[in-house]
Amino acid sequence: MHLILFIVFAGICLAGAINLLLQSHPINSALSLIVVMTSLAVLYLLLGAEFLAAAQVIVYGGAIMVLFTFVIMLLNAGREARTFGSRAARAVGFPAVVVILAVIATVILHAQGLGVAKLSDSTITTTEELSTVLFTKLLLPFEVTSILILIAILGAVALARHDDESPQGSAERTGK
Amino acid sequence: MSSFLSQEVPLSWYLLLSAVLFSLGVVGFLIKRNLITVFMSIELMLNGVNLSFVTFAHQWHAVKGQIFVFFVMMVAAAEAAVGLAIIIAVFRARATLAVDRIDRMKL
């Protein structure tokens, strides 16, 4: 059962990722990225990470991708011109990707002591266990994250705000 | 058939999947010409790395590996908010999203 679920959802995940690269319209890429993230949530469940599966759907599949689709529609992004990368990307980038993938695959396939994925009471991490560690040992990093989010909100508002004064201001500056 | 059904999945398959997802993200970063799609490729790379974190957390029964993924998600959310705001600002200044035509630091 585990094997079938893994094959199905890993296949959907890879198909979504490849579709992201093949589509030329950003909204189609965004929708296939949602497919990738949702099937990754199922794979997290297969690995016993309950809370992360839920967070993956809510944070990634929900919040972040809604932000992406919202910006795509706001900017009315059209089809992209189809070029297959710059000369530097062709000469250095793609060989580097192939080499990195080959090295990682070799290391993984020769690794000793990697077990098998199995679900039992001892391997499932409940939300309770996770939150116990998060709110006792790692409370400070967790609180620092809230400051990071606050700064990100302020930065996003400051960057995206439409400055009505700026054309006049720059005209004055150039006038002087 | 029943032996096939009860077969267990080696964790190395999960790690291979995460490596392939990461590489597809890098390829997307290199070949896509739209600023937003380039940004989505970065998210794909983050997801690939998250999968390997969860896999290793499963291997060693370590809760901290999953907490690391939790923090990566938080940082990715903050990064998406700021990055998309920058994309909106760039679009307002240049009226284009094609990375080939955004090639100057000056306005």
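Since we're looking at a predicted model, the values are computed, not measured.

### Regarding the overall build of chain B
No. 1: On a plain count of helices and strands, chain B comes out with four helices and one strand.
No. 2: Along its sequence from the N terminus, chain B presents helices and strands in the succession α-β-α-α-α.
No. 3: Overall size of chain B, expressed as C-alpha extent along the three principal axes, is 60 × 30 × 20 Å.
No. 4: In chain B, of all internal contacts separated by at least 6 residues, the share reaching a separation of at least 24 is 52%.

### Details of the nonpolar core
Most often, soluble globular proteins keep nonpolar side chains buried together rather than apart.
No. 1: Grouped together as the largest cluster of nonpolar side chains are 68 residues, with contacts concentrated most on A:Leu52, B:Ile36 and B:Val54.
No. 2: Secondary-structure elements contributing two or more residues to this core are α1 (2–22), α2 (26–46), α3 (50–75) and α6 (139–160) of chain A together with α2 (11–31), α3 (35–59) and α4 (63–94) of chain B.
No. 3: It is α2(B) that provides the largest number of residues to this core, a total of 13 residues.
No. 4: A domain-level breakdown of this core finds at least three residues from each of domain 1 (2–125) and domain 2 (126–162) of chain A.

### Structural notes on α4(B)
Side chains three or four residues apart in an α-helix point the same way, a direct result of the helix having 3.6 residues per turn.
No. 1: The end-to-end C-alpha distance of α4(B) is 46 Å, a good match for the 46 Å that 32 residues give at a rise of 1.5 Å each.
No. 2: Looking one or two residues beyond α4(B), the residue adopting positive phi is B:Ala95, at roughly 60 degrees.

### Digging into the confidence of the model for chain B
All names here are of chain B.
No. 1: Per-residue confidence for chain B averages 88 on the pLDDT scale, and 93% of its residues sit at or above 70.
No. 2: Taken element by element, chain B is modelled with least confidence in helix α1 (residues 2–5), mean pLDDT 65, and with most confidence in α3, mean pLDDT 93.
No. 3: With a pTM of 0.87, the predicted complex shows an ipTM of 0.89.

### Describing the interface of chain B and chain A
No. 1: If you look at the interface, chain B gives 61 residues, while chain A gives 73 residues.
No. 2: If you list the elements that add at least two residues to the side of chain B that touches chain A, you get β1 (9–10), α2, α3 and α4 of chain B.
No. 3: When residues in the side of chain B that touches chain A are grouped by element, the largest group, 22 residues, is from α4(B).
No. 4: Of the residues in the side of chain B that touches chain A, the class split is 44 nonpolar, 12 polar and five charged.
No. 5: Where strand β1 (residues 116–117) of chain A meets β1(B), two bridges bridge the pair, whose relative direction is antiparallel. Each residue of the ladder has a partner; that of A:Val116, found in β1(B), is B:Pro10.

### Some remarks on the domain arrangement of chain A
All names here are of chain A.
No. 1: Here chain A is described as being made up of domain 1 (2–125) and domain 2 (126–162).
No. 2: Computed over C-alpha atoms only, the centres of domain 1 and domain 2 are separated by 24 Å.
No. 3: At the junction of the two partners, domain 1 supplies four residues and domain 2 supplies four residues.
No. 4: Grouping the constituent residues of the side of domain 1 that touches domain 2 by class yields two nonpolar, one polar and one charged.

### A few points about the packing of helix α5 (residues 127–136) of chain A against α4(B)
No. 1: Where α5(A) contacts α4(B), the two axes come as close as 10 Å, and the packing angle between them is 75 degrees. One way to sum up the angle between α5(A) and α4(B) is to call them roughly perpendicular. Between α5(A) and α4(B), the contacting residues are A:Glu129, A:Leu130, A:Val133 and A:Leu134 on the first element and B:Val63, B:Lys64, B:Gln66 and B:Ile67 on the second.
No. 2: For the contact of α5(A) with α4(B), a count of residues per class yields five nonpolar, one polar and two charged.

### Some words on the packing of α3(A) against α3(B)
No. 1: Running from amino to carboxyl end, α3(A) crosses α3(B) at an angle of 175 degrees, the nearest separation of the two axes being 12 Å. Between α3(A) and α3(B), the crossing angle belongs to the class labelled roughly antiparallel. Every residue of α3(B) that contacts α3(A) at A:Leu52, A:Ile64, A:Phe68, A:Val71 and A:Ile72 is listed here: B:Ile36, B:Met40, B:Glu43 and B:Val54.

### Here's the deal with the environment of A:Val35
Residue and element names in this part refer to chain A.
No. 1: Relative to the elements of secondary structure, valine 35 occurs in helix α2.
No. 2: With 55 residues separating them along the chain, valine 35 and arginine 90 place their C-alpha atoms 28 Å apart.
No. 3: The residues contacting valine 35, other than those within four sequence positions of it, are Ile12 and Gly16.

### Focus: unusual backbone geometry
All names here are of chain B.
No. 1: Phi angles above zero are rare outside glycine, and histidine 61 is one such case at about 50 degrees.
No. 2: Mapping histidine 61 onto the fold places it in the loop between α3 and α4.
No. 3: The exposure class of histidine 61 is exposed, given the 11 C-beta atoms found within 10 Å.
No. 4: Backbone geometry at alanine 95 places phi at a positive 60 degrees, although glycine is not the residue there.
No. 5: Take alanine 95: it is sitting in the segment after α4.
No. 6: Taking the number of C-beta atoms within 10 Å as the measure of exposure, alanine 95 has 9 and is therefore exposed.

How each quantity is defined
Residues numbered from 1 in each chain as written. Chains lettered and ligands numbered in written order. Predicted model: local features only at pLDDT ≥ 70, side-chain atom pairs only at ≥ 80, totals over all residues. Helix = DSSP H or I, 4+ residues; strand = E, 2+ residues; numbered from the N terminus. Contact = placed C-beta atoms within 7 Å. Core = buried A, V, L, I, M, F, W, Y, C linked by C-beta atoms within 7 Å. Buried ≥ 20, exposed ≤ 12 C-beta atoms within 10 Å, placed from the backbone. Domains from an automatic or database assignment. Expected span 1.5 Å × (residues − 1). pLDDT = per-residue confidence, 0-100. Nonpolar A, V, L, I, M, F, W, Y, C, P; charged D, E, K, R; others polar. Pairing = 2+ DSSP bridges. Axes fitted to C-alpha atoms, helices over the stretch in contact; angles between N-to-C directions. Parallel < 35°, antiparallel > 145°, perpendicular 65-115°, else oblique.

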